[in-house]
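# Per-entry structural report
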Amino acid sequence: MKVNQFEQSILIQTPIETAFAFLVDFQNLKQLQPFVTRVNTTPTNKKNVVRLEVTERIVMFGFLPVNTTVPSIVHILPEESRIRFETKAFPKIHIQNEFSLQNDVGQTRVVEKATFICPSYVERFAFKQFTFAHHKMFAQLKMQLEER
């Protein structure tokens, strides 16, 4: 198994409450991430914990579109302005990522830290897809929130 770390941050000209509310409306993932086509959210019996099922359309080998549904458990921590995801996908991919939001003189700094664990035979492809999607997500997040 290969372990990769990923971190990025962005400064958005919007109040922290607006950015947090946008991020925890998980239907917005369809606007933010290039591969996401469907999002289902199911509450759990734990406060501020939801199950997500995200369907993604990924092109394999440059020509073969594949739809896959990826389950996640999400911990929403509003008092700390943090959102934690734990995702497990085929084949033995395990992603733990956290978004933390910080007030930065009337703007919001969004920081994402992720640990990405997967078998070595899919590491290059899977980690490339993950980082591509999350870089796009941050660019879209900034664009969406600053247009408001």
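Note: the structure precedes this text.
So, here is what we can say about the structure in this document. (Residues numbered from 1 in each chain as written. Predicted model: local features only at pLDDT ≥ 70, side-chain atom pairs only at ≥ 80, totals over all residues. Heavy atoms only, no water.)

We now examine a nonpolar patch on the surface. Residues F61, F63, L64 and V66 make up a contiguous nonpolar surface patch of roughly 450 Å² in combined accessible area. With respect to the secondary-structure elements, V66 resides in strand β4 (residues 64–77). (Patch = residues over 30% accessible without salt bridge, like charges linked within 9 Å, V, L, I, M, F, W, Y side chains within 5 Å. Areas by Shrake-Rupley, 256 points an atom, 1.4 Å probe, with all protein chains shown as cover. Salt bridge = Lys/Arg side-chain N within 4 Å of Asp/Glu carboxyl O. Helix = DSSP H or I, 4+ residues; strand = E, 2+ residues; numbered from the N terminus.)

Turning to the sheet that holds strand β7 (residues 107–118), a few remarks are in order. If you trace the seven strands from one edge of the open sheet to the other, you get β1-β7-β6-β5-β4-β3-β2, paired in antiparallel fashion. Each end of this open sheet is capped by a strand with a single partner; those strands are β1 (2–12) and β2 (36–43). When strand polarity is set aside, the average angle formed by the axes of neighbouring strands in this sheet is 20°. Bridge count between β4 and strand β5 (residues 82–89): six bridges; the pairing is antiparallel. Looking across to β5, one finds that V74 is bridged to F85. (Pairing = 2+ DSSP bridges. Axes fitted to C-alpha atoms, helices over the stretch in contact; angles between N-to-C directions.)

Taken as a whole, this structure holds nine aromatic pairs when the rule is applied. Pairwise contacts between aromatic rings join F6, F116, F127 and F130 into one cluster. (Phe/Tyr/Trp six-rings, centres within 6.5 Å; stacked < 30°, edge-to-face > 60°.)

Position of S81 among the secondary structure elements: in the loop between β4 and β5. Overall, the relative accessible area of 15% leaves S81 in the buried class. Setting aside residues no more than four positions away along its own chain, S81 makes contact with I16, F20, F99, S100 and L101. (Buried < 20%, exposed > 50% of the residue type's maximum accessible area, 1.4 Å probe, protein only. Contact = heavy atoms within 4.5 Å.)

Next up on the list: the environment of V36. Structurally, V36 is set in strand β2. Along the sequence, V36 and T55 sit 19 residues apart, while their C-alpha atoms lie 5.8 Å from each other. Setting aside anything within four residues of it in sequence, one finds V36 in contact with L29, K30, V54, T55 and E56.

Turning our attention to the packing of helix α1 (residues 16–24) against helix α3 (residues 120–147). Working note: a packed helix pair is described by the angle between its axes plus the distance between those axes. Here α1 crosses α3 at 125°, and the two axes come no closer than 11 Å. Taken together, the axes of α1 and α3 lie oblique to each other. Every pair of crossing elements has a handedness; the one defined by α1 and α3 is right-handed. For the pair formed by α1 and α3, the contact residues are T18, A19, F22 and L23 on the first element and L141, Q144 and L145 on the second. Residues that form the contact of α1 with α3 fall into these classes: five nonpolar, two polar and no charged. (Parallel < 35°, antiparallel > 145°, perpendicular 65-115°, else oblique. Left-handed = near helix turned anticlockwise from the far one by under 90°. Nonpolar A, V, L, I, M, F, W, Y, C, P; charged D, E, K, R; others polar.)

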